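Coordinate inspection notes
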Amino acid sequence: MSKKLLRRGGLLAATLAAGIFSGAQAADPIKIGSFLSVTGPASFLGDPELKTLRMYVDKINEEGGVLGRPLELVHYDDEGNASNARNYASRLVRADRVDIIVGGSTTGATMAAVPLIEQSRTPFISLAGAVVITDPVKPWVFKTPQSDRLAAERVMQDMQERGITKIGLISGTGGFGRSGREQTQQVAEAMGIQILEDVTYSPSDTDMTAQLTRIRNNQDIEAVFNFGFGQSPAIVTRNFAQLGIDRPFYQSHGVASNSFLDLAGSAAEGLRLPASPILVPDSLADDDPQKTIVQAYVDAYEARWNESVSTFGGYAYDGLMLAVAAIEEAGSTDREAVRQALENIQGHVGVTGIFNMSPNDHNGLAADSFRILEVVDGGWKLIE
Amino acid sequence: MLKSLTQHRLSGLALLAIIILLVPAFLNNPFQYDMATLVLIYATTVVGLNLLVGYAGQISLGHAGFFGMGAYFSAVMTSRFDWSPVPTLILGAALVGLVAYIVGRPILRLKGYYLGMATLAMGFIIYITLNNEGWLTGGPDGMPVPGLSIFGWELSTFNTYSFLGMEISGSLAWYWLMGVMLILGVWIAQNLIDSPIGRALRSVHGSEVAASVVGVDTPKFKNLVFVVSAIYASLMGSLYAHFQGFITPESAGFMESIIFVTMVVLGGMGSTLGVIFGAALLTLLPQLLADFHDYEMMMFGLILMLTMIFMPKGLLPTTQAFIRKKLHKKAEDKA
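One numbering rule holds for all chains: residues counted from 1, following each sequence as written. Whichever chain is written first is A, and whichever ligand is written first is 1; the rest continue in order. Per-residue local features of the predicted model are confined to residues with pLDDT of at least 70, and side-chain atom pairs are confined, for both listing and counting, to 80 or more; whole-chain, interface and lining totals are unaffected and use all residues. Hydrogens and water molecules were not included; the side-chain quantities draw on all heavy atoms of the structure.

1. As for the packing of aromatic side chains
Stated precisely, the cut-off is as follows: Two rings belonging to Phe, Tyr or Trp (six-membered ring only in the last case) form a pair when the distance between their centres is within 6.5 Å. Interplanar angles under 30 degrees mark stacking, angles over 60 mark edge-to-face geometry, and anything in between is tilted. Exposure categories follow from relative accessible area, calculated using a 1.4 Å probe and restricted to protein chains: below 20% of the type maximum is buried, above 50% is exposed, and the middle band is partly exposed. We call a charge positioned over a ring when the NZ of a Lys or the CZ of an Arg lies within 6 Å of the ring centre and within 35 degrees of the ring normal.
For the structure shown, the criterion picks out 24 aromatic pairs over all chains. Ring centres of A:Phe240 and A:Phe249 lie 4.0 Å apart, and the angle between their planes is 10°; on these two criteria the pair is classed as stacked. With relative accessibility at 5%, the residue A:Phe249 sits in the buried group. One aromatic cluster in this structure is built from A:Phe44, A:Phe176, A:Phe225, A:Phe227, A:Phe229, A:Phe312 and A:Tyr315. Above the face of the B:Phe243 ring, A:Arg86 is positioned so that its terminal group lies 5.1 Å from the ring centre. Lying over the aromatic face of A:Trp140, A:Arg339 brings its terminal NZ or CZ to 5.5 Å of the ring centre.

2. Thoughts on the UniProt feature "transmembrane region" (unreviewed entry) in chain B
Keep this limit in mind: UniProt positions are given in the numbering used here, feature names are shortened, and annotations may be inferred rather than shown by experiment. Strands here mean DSSP runs of E at least two residues long; helices mean DSSP runs of H or I at least four residues long; both are numbered from the N terminus.
Following the UniProt record, one finds the feature "transmembrane region" (unreviewed entry) at residues 35-53, 83-103, 112-130, 142-161, 173-193, 224-246, 258-285 and 297-316 of chain B. Summarising residues 35-53 of chain B: 100% helix, 0% strand, and an end-to-end C-alpha distance of 25 Å.

3. Structural notes on empty space enclosed by the protein
Test applied: A 1.4 Å probe that fits but cannot get out identifies a cavity on a 1 Å grid over protein atoms alone, an open set with protein on both sides within 12 Å along at least five of seven lines counts as a pocket, and a residue lines either if it has an atom within 4 Å of a point. Grid points are joined across faces, edges and corners, and a volume is the space filled by probe spheres set on the points. Each residue receives one of three labels: charged for Asp, Glu, Lys and Arg, nonpolar for Ala, Val, Leu, Ile, Met, Phe, Trp, Tyr, Cys and Pro, and polar for the others, Gly being one of them.
Inspection of the entire model under this criterion finds two cavities of 30 Å³ or more. The volume enclosed by the largest cavity comes to roughly 80 Å³. Sorting the residues of the lining of the largest cavity by element identifies helix H3 (82-95) of chain A together with helix H11 (218-244) and strand S6 (246-247) of chain B as the ones contributing at least two each. Per element, the largest residue contribution to the lining of the largest cavity is three residues, and it comes from H3(A). Split by residue class, the lining of the largest cavity holds five nonpolar, four polar and two charged. Its boundaries defined by the atoms lining it, the second largest cavity holds a volume of some 40 Å³.

4. Things to note about unusual backbone geometry
Residues and elements named next belong to chain A. Here the amide bond leading from Asp135 into Pro136 is cis, since omega sits at 5°, within 30 degrees of zero. The residue Pro136 is located in the loop between strand S4 (124-126) and strand S5 (141-143) in this model. We note that Glu79 has phi near 55°; this positive angle belongs to a residue other than glycine. Looking at where Glu79 falls in the secondary structure, it is placed in the loop between strand S2 (71-77) and H3. Of note in this structure, Asp377 is not a glycine but carries a positive phi near 50°. Of note, Asp377 is situated in the loop between strand S13 (371-376) and strand S14 (379-383).

5. Things to note about the interface of chain B and chain A
Applicable threshold: Only heavy atoms enter the contact rule, under which two residues are in contact if any of them lie within 4.5 Å. Accessible area, probed at 1.4 Å, shrinks when two parts are joined; the buried area is that loss added up over both. For this document, the term salt bridge refers to a Lys or Arg side-chain nitrogen within 4 Å of an Asp or Glu carboxyl oxygen. Between N or O atoms, a polar contact is any pair within 3.5 Å; within protein, one atom must be a potential hydrogen donor and the other a potential acceptor, and residues adjacent in sequence are included only when both atoms are from side chains.
With 37 residues of chain B in contact, the opposing surface of chain A contributes 37 residues. Interface of chain B and chain A: buried area, both sides summed, is about 3,200 Å²; carbon and sulfur atoms make up 55% of it. Applying the counting criterion to the chain B and chain A interface returns two salt bridges. A salt bridge links B:Asp34 to A:Arg94; the nearest nitrogen and oxygen atoms lie 2.6 Å apart. At the junction of chain B with chain A, the criterion picks out nine residue pairs in polar contact (both at pLDDT 80 or more). Among the secondary structure elements, those contributing two or more residues to the side of chain B that touches chain A are helix H3 (30-55), helix H6 (112-132), H11, helix H13 (272-288) and helix H14 (296-310) of chain B. In terms of residues, the side of chain B that touches chain A owes the most to one element, H3(B), which gives six residues. Each residue belonging to the side of chain B that touches chain A can be placed in one class, and the counts come to 18 nonpolar, 14 polar and five charged.

6. Focus: helix H10 (residues 291-305) of chain A
Each full turn of the α-helix corresponds to 3.6 residues, which orients residues three or four apart in the same direction. All names here are of chain A. For clarity, the cut-off: One fewer than the residue count of a helix, multiplied by 1.5 Å, yields its expected span. Think of it as the arc spanned by the lines of direction from the helix axis to the C-beta atoms.
Between its first and last C-alpha, H10 extends 21 Å over 15 residues, near the 21 Å set by a 1.5 Å rise per residue. Looking at H10, one finds that the buried residues are Lys291, Val294, Tyr297, Val298 and Tyr301. All buried residues of H10 lie within an arc of 140° about the axis, which places them on one face of the element. Opposite the buried face of H10, at more than 90 degrees from it, the exposed residues are Thr292 and Ala303. At the C-terminal side of H10, Asn306 shows a positive phi close to 55°.

Below is the structure:
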């Protein structure tokens, strides 16, 4: 047993050593490193992300690669565990010597890897949501999903348009819900919306009737906003319908996937949420700049993997395309040049939104990159 | 020669020192140093845990809680209050020792499953607290930790340092530092084991009733070793936090506690070198298996299962017994 292990270790050491001594030659592949939560509790993020990366790396290579060099995807599965993420990031920058990293499915995994990636001076495009990743700005760290702050802004903008000024907030106590709650509180204050009830639930709770009853009994509340992730928002939605709360209901972008509709069933009718246009490619106007790119991604993904597309895979698509655009702009894989190219990307049309990066904004998206969708007849409807 | 080597009290320590000195010859990039340093950190932690589990025969399913407390104490104090890392980690260890003393007094009266439950609950309380006090600990998303520095001199794995005229990289420096910590940890543990305290502990392991009949103050010794193992965990937790640069409450979580206990059981309860081997195996295995990502968990489980079935005493003690038997047979053949 241990002999086998030793042999395996020796083989690994040999491969690693070979990687180092091969040096950089003209037709060497461009190494794209990635660590994603493909298995474990966050697999609904990591799985479509990895599928997207694989699919497009293959596609780009078939079309002749980038700068005449093929792309090579080096991927590890962090299982949603932050210290694994950090160790794999170390492996990517130190052993595999990748040129750029596109990965980090969750905020925890991303932030665990950030100190090391910053020190190693490797460009890094994260696929996780929380605002802390790019605020304050870190020179080497970028991200493609809209921040939770933008989601809160977009939702409250929609509320204002409907004349709502007093809301009830319900949020999960997991990382996503907690960060979302803080951002919602700040945005609400800035936009003059009052949060009359502020209740929370634990991600493992199976019934939120108590919290929602408190909201229902407060007659001044005009709308309810839920910031949560995973299964819980579907439970909140069902409880909301069971209690017969007859007020507008908003969810966050954390549930923007078709599986949420399956879980929540008819209880979801009429609720609104901010989402990437990826869920409604057919409803986009023909002159919408994102229309062709979203449609192409959705068709390609569904044809290749035979499953419905999710917002999260779109983050990986944008991450990879931003990386490719930056390397082409820089004309080499020189890290500082790639970093600067990333920072200066303007008007890059992705499936999540249109990216306008700057030295002060390493996310590059505005609140209007979120579309407000409403659940109508068990499907998504774009609200203009 | 092999016989005399395995018999002397500190021969294990010498062997360990030689291994630690030789390992860098086989490492050829900073990532491998990174992993080797992690192995040393976990090894020192489980050397402490082994005192409790292997020698005193008491189970702790919440040891990552102490590890996490040390890590978070260092993280919070150095990043939010600008304390100097080294005094902070020592103070942190003292505080964690105190907590272990207060907690240990009542729960170490429990035995078997009940002790397992109580330590499990303690670990969960620490984990949940770290998760929920987001204003201080950053909540489930974790918090960054400044590097380990002394008098403004920072030990970073990305720098190089000159030491006695030699250029050494930060990764190597971290490796040496943790190597020294492991040797110190083993030395202290060995001395404790071979002292009257160690004999008292082993008598507790053998039979607590018999031990108390012959006059061993069993609660006192159990609590003492609980505190010592918590201090090991806290110190290593602090160093881990500085080394990693970022921590999340997962490092204090239930899975982490289970991994610590598995390192002890797999390597060989009551064998100091064995548990170090266990730590190395469990830290490196996920990296070695990374190429088979789809089967990683399956292979991991299989390896654990086979070891437990065929080597129930743990990897090292079983191998040692095997070699001893072979040597014995050879000697008999000659005679």
